[in-house]
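Residues per chain are reported as follows:
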Amino acid sequence: MNLEELNALATSERLAQAKKRHHIHVCVGTACQALNSEQIAKALQAELKQRGQRNDAEVKCVGCPGLCSLGPLVEVESRVNGQATTGVPEEDRRRSVLYQFVKPEDAAEIIAHLDGEPVKRLETPLDQPFFTRQTKIVLENCGKIDPERIEDYIAAGGYQALMKVLTEMTPQEVIDEITRSGLRGRGGAGFPTGLKWGTVAKADPNAYPTNVPEGIQSRKFVICNGDEGDPGAFMDRSVMEGDPHRILEGMAIAAYAVGANHGFIYVRAEYPLAVKRLRTAIRQAQRAGLLGSGIGGTAFSFNVDIRLGAGAFVCGEETALMASIEGGRGTPRPRPPFPAECGLWGCPTLINNVETLANVPPIIMKGAAWFAGIGTEKSKGTKVFALTGQVAHTGLIEVPMGISLREIVFDIGGGIPGGRQFKAVQTGGPSGGCIPAQFLDMPVDYESLAKVGSIMGSGGMIVMDDSTDMVEVARFFMEFCMDESCGKCIPCRAGTVQMHRILTKIQEGKATQRDIQILEELCDMVKHTSLCGLGQSAPNPVISTLRYFREEYEKKVNGGQRPEAGSQKSVVSGQKSELEVGSRESESSKPTAHSS
Amino acid sequence: MTSTPTASGRPAGNGAATATPSDRLASDKRYKIIEATMRRHGYQGHGLIEALHSAQEAFGYLDDFTLRHIARTLHLPPSKVFGVATFYNLFTLKPQGAHTCVVCLGTACYIKGAREVLAAIEAEYDVKAGGTTRDNQLSLLTARCFGSCALAPVLTFDGETIGKVAPSAIAQQIAQRLAAARQTQ
Amino acid sequence: MPRTLTINGQEISARSDQTILEAAQDANIRIPTLCHLDGLTDVGACRMCLVEVTGSNKLLPACTTRVQEGMEVRTDTERLRAYRRQIIELLFAERNHVCAVCVANGHCELQNAAIAVGMDHVRYDYIFPRLSVDLSHERFGMDHNRCILCTRCVRACDQLEGAHTIDVMGRGAKSLIIRDMNVPWGESTTCTSCGKCVMACPTGALFKQGSTVAEMVHDAEKLAFLKAARERKVWNV
């Protein structure tokens with residue numbers, strides 16, 4: 001498909017859509033689907049058929065519109081007056097109604113009210129802060145288009161950015177544009193995306209020994225990191241489920257910029273719906289000539305494969321992820337060499353997060369200056385967060401960088417339910433920290449979050465109320481890191497076990513002040529000596545809770561003596577160690593720390 | 001905890017114990033699915049995890065015979081195949097029960113009481129997380145976030161997501177599903 | 001092209017393809033290691049060889065970091081000594097290392113490292129895992145209680161013998177060294193009984209059967225000898 005064909009398809013699809021007066025969008029994201037939203041779509045369709053209104057209304061299954069706590073959600077977009085026109089309908093003549101907690105039995109009523117007043121008992125206002133305070137770039141299509149139809153994406157302007165770079169821009173110009181936009185990696189660390197692309201573009205594929213498998217014709221690779229492992233985070237899942245073509249387009253643009261001809265999307269196997277929709281999208285894009293060889297009538301070729309994770313959080317780490325794609329144990333290796341120079345099968349490899357790549361097409365279409373105009377000085381654009389925990393509105397939000405935590409939790413999130421008080425918000429998952437109330441007015445950007453001891457992370461934001469036990473939160477995350485440690489390096493493998501033991505002892509009221517001191521020393525050591533990001537950040541939840549909620553630790557620690565004396569004995573010199581054998585055996589029936 | 005189980009200590013194969021390997025590969029159609037996956041990756045080592053996914057899906061678990069077959073077909077050392085199969089949480093070497101219940105222990109579910117939900121199921125069915133009931137009807141597993149945090153606490157029963165579960169009601173919800181499954185059999 | 005750098009203030013020169021560890025060894029500067037073994041590829045796993053480099057806010061593993069012109073390396077600061085001691089303590093607490101009854105007593109790199117860092121007691125709780133001893137092989141044995149998961153045996157078997165009989169199963173603290181599909185050593189169909197893994201082992205985890213306490217001498221230098229002989233036709237006798 002070349003540019004003219006793409007434009008023709010976009011126009012005809014828009015025309016076909018303009019013929020419908022009512023567009024009924026049913027969310028079929030994982031959360032709504034779990035509440036039977038597919039049955040709702042079927043019921044609505046059946047109802048339309050029965051009423052013979054098929055021609056002026058359509059039911060569309062769409063990705064997540066965000067407000068998951070009110071799901072299943074159905075949005076009805078109607079043209080208020082006039083007939084179906086031949087052109088693209090004007091925005092201001094449209095009316096949108098959002099229905100919450102919809103059941104299949106509600107279908108008849110919704111259809112009956114298409115032309116009249118909305119169904120009041122199901123309606124939830126669209127002008128509430130949850131929607132009005134958001135700025136949607138990454139999620140602009142989520143909840144609007146059918147993720148299983150490439151035509152829908154194309155009608156919404158999809159693949160125009162890819163055509164633009166292929167026909168009007170050199171790879172260097174693409175990299176310059178991304179650099180000027182100020183886009184930074186959305187996977188957590190916030191590395192400047194343009195800089196990463198430039199490094200891969202410049203890297204010599206022959207600098208390191210390579211062993212690319214037969215049948216793969218590429219000496220550089222682009223990897224989309226969809227291994228969204230942070231518990232409480234589902235931003236990437238929603239994009240993959242709701243707008244999969246955007247990721248493919250972003251990858252293809254990246255591949256053109258860095259000179260790669262093959263890409264991989266690494267997705268968690270726990271996201272079957274995302275995998276299915278990505279597979280469908282790849283097939284459609286290949287058929288349309290938007291992936292494969294000679295894309296858009298140019299000489300550029302790019303293929304994409306999906307690789308499934310198998311339940312290992314550490315595979316979100318770049319080098320572990322590549323080891324997993326190569327078919328091995330997902331253990332990280334020391335960097336340098338960085339993946340940009342020596343990555344998959346020894347080739348220069350660009351690894352970007354789902355959300356990072358999803359930002360690429362709009363930057364190309366609207367320009368770096370537009371993107372750089374959103375956000376703060378050092379953090380440009382928007383960030384998608386999964387807002388969960390003890391907050392009224394849980395769901396998916398996209399906000400400009402620099403917005404305050406207070407606006408997110410209290411305006412968009414609707415505050416803390418049940419008359420309770422806000423205590424902390426946890427960002428960055430097991431690698432992040434807990435931010436207390438005193439920082440509620442702090443702007444949300446990479447630097448500010450780091451300053452208070454947390455990280456941006458991939459975008460999980462878990463709100464905790466005053467009933468939350470912060471030591472338990474720290475213990476929960478430490479257990480997670482302990483279970484997910486790959487075991488390669490000693491500080492992470494053995495250090496997380498010991499930190500978890502101490503936290504458990506504190507919870508059981510068996511710890512002393514000295515244990516807190518040992519815990520802090522361990523935090524420092526594991527943070528600075530671990531091989532990869534998992535270990536280096538594993539102490540963060542403990543460090544941040546100790547920093548802001550130390551009194552909770554102190555309260556649980558008794559001033560008494562250390563219960564066990566066994567651990568004070570020498571093990572190196574011969575004589576004493578013999579004595580030790582006995583003391584060990586007597587305690588060997590104790591449960592070990594790592595039984596999960 | 002960690003010990004070195006012997007080959008004989010692990011469950012026997014999927015097929016009849018007396019069948020020869022080639023009989024088993026030929027008679028059990030499920031091996032064709034695994035074969036197709038390995039072929040798609042050119043019988044190269046990088047297809048190992050994909051092959052293990054296929055096998056796990058086809059048999060519900062990975063037994064020695066299947067792992068050895070994959071190692072042989074992909075020309076990989078058996079120790080590497082075993083090392084990979086035991087590294088990832090989603091692969092299991094033990095046969096699973098007829099039904100599987102997975103309780104999410106992600107952060108959002110955790111702070112909304114997933115622990116209590118898990119404890120309720122463990123108590124009702126006398127099974128520990130990671131284990132299978134004595135009648136082989138129910139395997140109880142835990143997971144780290146399905147990304148359905150808005151429905152927290154969440155669990156899945158045979159792939160069906162059940163959200164906003166209460167510790168007091170969950171045992172009955174599972175019992176209903178087990179009974180329904182028994183009726184359709 | 002030679003590179004000039006300083007290690008602990010001492011100016012040394014090194015080849016551009018050398019690691020900090022190699023350059024230090026050539027200059028007779030000792031950096032502690034556990035997972036490194038001459039003749040095997042480095043994995044940077046034990047973190048004992050972490051060094052401070054001026055201009056880097058992270059500690060770098062000497063075994064996998066290449067030398068650079070003008071690099072200022074410090075290998076023996078107070079902070080590094082404290083970290084190394086903690087790492088050794090973690091290892092002693094992790095499994096059942098009882099030197100007095102160990103075949104490798106007096107010939108053990110873990111024990112030597114503990115003495116070198118001055119570890120006289122362990123501040124952490126002993127985990128006391130119940131691990132097995134595999135004596136099914138006619139000449140060798142494996143005691144998982146003494147294993148520190150350095151993977152030197154895995155690499156020796158793969159890179160020098162080429163059999164890849166040995167690998168790691170599980171993950172995290174539950175990782176375990178296995179042969180083939182976790183079979184008893186004596187039942188392994190790929191093991192050539194060459195003994196290179198035993199030579200490579202830094203502790204008493206792999207041993208020759210019949211060795212009694214403090215008898216087991218590892219022969220780790222043989223592996224570097226073998227590699228040089230095989231790849232470069234150089235016999236360093």
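For every chain, the first residue of the written sequence is number 1, and numbering continues from 1 along that sequence. Written order decides the labels, with chains lettered from A and ligands numbered from 1. Confidence filtering applies because this is a predicted model: local features only for residues at pLDDT of at least 70, side-chain atom pairs given and counted only at 80 or more, and all residues used for totals across whole chains, interfaces and linings.

Novice: With reference to specific residues and values, describe the overall build of chain C.
Specialist: Scanning chain C from N- to C-terminus turns up 6 helices and 10 strands. Restricting the calculation to C-alpha atoms gives the radius of gyration, and the globule rule supplies 2.2 Å times the number of residues raised to the power 0.38. A globule of 237 residues ought to have a C-alpha radius of gyration of about 18 Å, and chain C, at 19 Å, matches this closely. C-alpha extents for chain C along the principal axes are approximately 55 × 50 × 30 Å. With C-beta atoms placed from the backbone, the exposure class of a residue follows from how many other C-beta atoms lie within 10 Å of its own: 20 or more, buried; 12 or fewer, exposed; in between, partly exposed. Counting across all 237 residues of chain C, residues that qualify as buried make up 54%. Within chain C, contacts between residues separated by at least 24 positions form 63% of all contacts whose residues are at least 6 apart in sequence. Helix and strand assignments follow DSSP, with helices taken as H or I runs no shorter than four residues and strands as E runs no shorter than two, numbered in order from the N terminus. What counts as a contact here is a pair of residues whose C-beta atoms, placed from the backbone, lie within 7 Å.

Novice: So, the overall build of chain B: which residues are in play, and what are the values?
Specialist: A tally of helices and strands in chain B yields 8 helices and 4 strands. Among the 185 residues that make up chain B, the fraction classed as buried is 43%. A sequence separation of at least 24 residues applies to 59% of the contacts in chain B between residues at least 6 apart.

Novice: Which residues make up the nonpolar core, and what are the values?
Specialist: Here, a nonpolar core denotes buried Ala, Val, Leu, Ile, Met, Phe, Trp, Tyr and Cys residues that are linked to one another through C-beta atoms within 7 Å. Core analysis: the largest hydrophobic core is formed by 315 residues, its most contacted members being Val26(A), Leu44(A), Ile253(A) and Ala254(A). Excluding anything up to four places from it in sequence, Val26(A) contacts Ser37(A), Ile40(A), Ala41(A), Leu44(A), Val59(A), Cys61(A), Val62(A) and Val74(A).

Novice: Go over the domain arrangement of chain C, please, and point to the residues and values.
Specialist: All names here are of chain C. Segment limits for the domains were obtained from an automatic or database-derived domain assignment. Under the domain assignment, chain C is made up of domain 1 (2-76) and domain 2 (82-232). For domain 1 and domain 2, the distance between their C-alpha centres works out to 25 Å. Counting residues at the interface gives 14 residues for domain 1, matched by 22 residues for domain 2. Tallied by class, the residues present in the side of domain 1 that touches domain 2 amount to 10 nonpolar, 2 polar and 2 charged. Residue type decides the class: Asp, Glu, Lys and Arg count as charged, Ala, Val, Leu, Ile, Met, Phe, Trp, Tyr, Cys and Pro as nonpolar, and the leftover types, Gly among them, as polar.

Novice: Describe the sheet that holds strand β11 (residues 395-400) of chain A, with residues and values.
Specialist: All names here are of chain A. Any two strands between which DSSP finds at least two bridges are classified as paired. Taken together, the 5 strands give an open sheet; going across it, the order is β11-β10-β14-β12-β13, and neighbouring strands pair in mixed fashion. What marks the edges here is a single partner per strand, and that holds for β11 and β13 (433-436). Within this sheet the neighbouring strands show an average axis-to-axis angle of 30°, counted without direction. One ladder, built from 5 bridges, connects strand β12 (residues 422-427) with strand β14 (residues 460-465); its direction is antiparallel. Bridge assignment links Ala-424 to a residue of β14, and that residue is Met-464. Helix axes are fitted only over the stretch in contact, all axes being lines through C-alpha atoms; the angle between N-to-C directions runs from 0 to 180 degrees.

Novice: Go over the packing of helix α19 (residues 490-507) of chain A against helix α20 (residues 513-529) of chain A, please, and point to the residues and values.
Specialist: All names here are of chain A. In the contact formed by α19 and α20, the axes pass within 10 Å of each other and the chain directions differ by 155°. Viewed along their axes, α19 and α20 adopt a mutual orientation that is roughly antiparallel. Here the hand of the crossing between α19 and α20 comes out left-handed. Here Pro-491, Cys-492, Gly-495, Gln-498, Met-499, Ile-502, Lys-505 and Ile-506 of α19 come into contact with α20, specifically with Asp-515, Ile-518, Leu-519, Leu-522, Cys-523, Met-525, Val-526 and Thr-529. Residue composition of the contact of α19 with α20, by class: 11 nonpolar, 3 polar and 2 charged. Angles below 35 degrees are treated as roughly parallel, those above 145 as roughly antiparallel, those between 65 and 115 as roughly perpendicular, and all remaining angles as oblique. Each crossing gets its handedness from the near helix: less than a right angle anticlockwise from the far helix is left-handed, clockwise is right-handed.

Novice: So what's going on with the domain arrangement of chain B? Residues and values would help.
Specialist: As far as domains go, chain B holds domain 1 (17-87) and domain 2 (99-184). One C-alpha centre belongs to domain 1 of chain B, the other to domain 2 of chain B, and the line joining them spans 30 Å.

Novice: Describe the packing of helix α4 (residues 64-74) of chain B against helix α5 (residues 78-87) of chain B, naming the residues involved and giving the relevant values.
Specialist: Residues and elements named next belong to chain B. In contact at an axis separation of 9 Å, α4 and α5 are set at 125° when each is read in the N-to-C sense. As judged from the angle between their axes, α4 and α5 are oblique. Seen from above, α4 lies across α5 with right-handed handedness. Contacts between α4 and α5 involve Leu-67, Arg-68, Ile-70 and Ala-71 on the former and, on the latter, Pro-78, Val-81, Phe-82 and Ala-85.

Novice: Lay out the interface of chain B and chain C in plain terms, naming residues and giving numbers.
Specialist: With 18 residues of chain B at the interface, the matching set in chain C holds 25 residues. Counting only elements with at least two residues in the side of chain B that touches chain C, the list comes to α4 and α5 of chain B. Of the residues forming the side of chain B that touches chain C, the biggest block, 7 residues, is contributed by α5(B). Looking at the side of chain B that touches chain C residue by residue, the class counts come to 8 nonpolar, 7 polar and 3 charged.

Novice: Any chance you could break down the pairing of strand β9 (residues 349-353) of chain A for me, citing the residues and the numbers?
Specialist: Residues and elements named next belong to chain A. Most of β9 is tucked away: 5 of the 5 residues are buried. Burial of β9 is two-sided: the residues Thr-349, Ile-351 and Asn-353 facing one way and the residues Leu-350 and Asn-352 facing the other way are all buried. Here strand β6 (residues 221-226) runs beside β9; their pairing, made up of 5 bridges, is parallel. In the sheet register, Asn-225 faces β9, and the bridge partner there is Asn-353.

Novice: Talk me through the confidence of the model for chain C; I want residue IDs and the actual numbers.
Specialist: pLDDT is a residue-level measure of predictor confidence that goes from 0 to 100. Here chain C shows a mean pLDDT of 94. Residues at 70 or above account for 100%. Across the assembled chains, the prediction reports ipTM 0.95 with pTM 0.90.

Novice: Please give an account of the environment of Leu110(C) that cites residues and values.
Specialist: Within the secondary structure, Leu110(C) sits in helix α3 (residues 109-116). The spacing of Leu110(C) and Leu149(C) is 39 residues in sequence and 12 Å in space, taken between C-alpha atoms.

Novice: Outline the sheet that holds strand β4 (residues 60-61) of chain C, listing residues and values.
Specialist: Residue and element names in this part refer to chain C. Spatial strand order, β2-β1-β5-β3-β4: 5 strands in an open sheet with mixed pairing. Edge positions in the sheet fall to β2 (10-15) and β4, since each has one partner strand and no second. Looking at chain direction, strand β1 (residues 2-7) and strand β5 (residues 72-74) are connected through 2 bridges and run parallel. Bridge pairing in β5 links Thr-6 to Glu-72.

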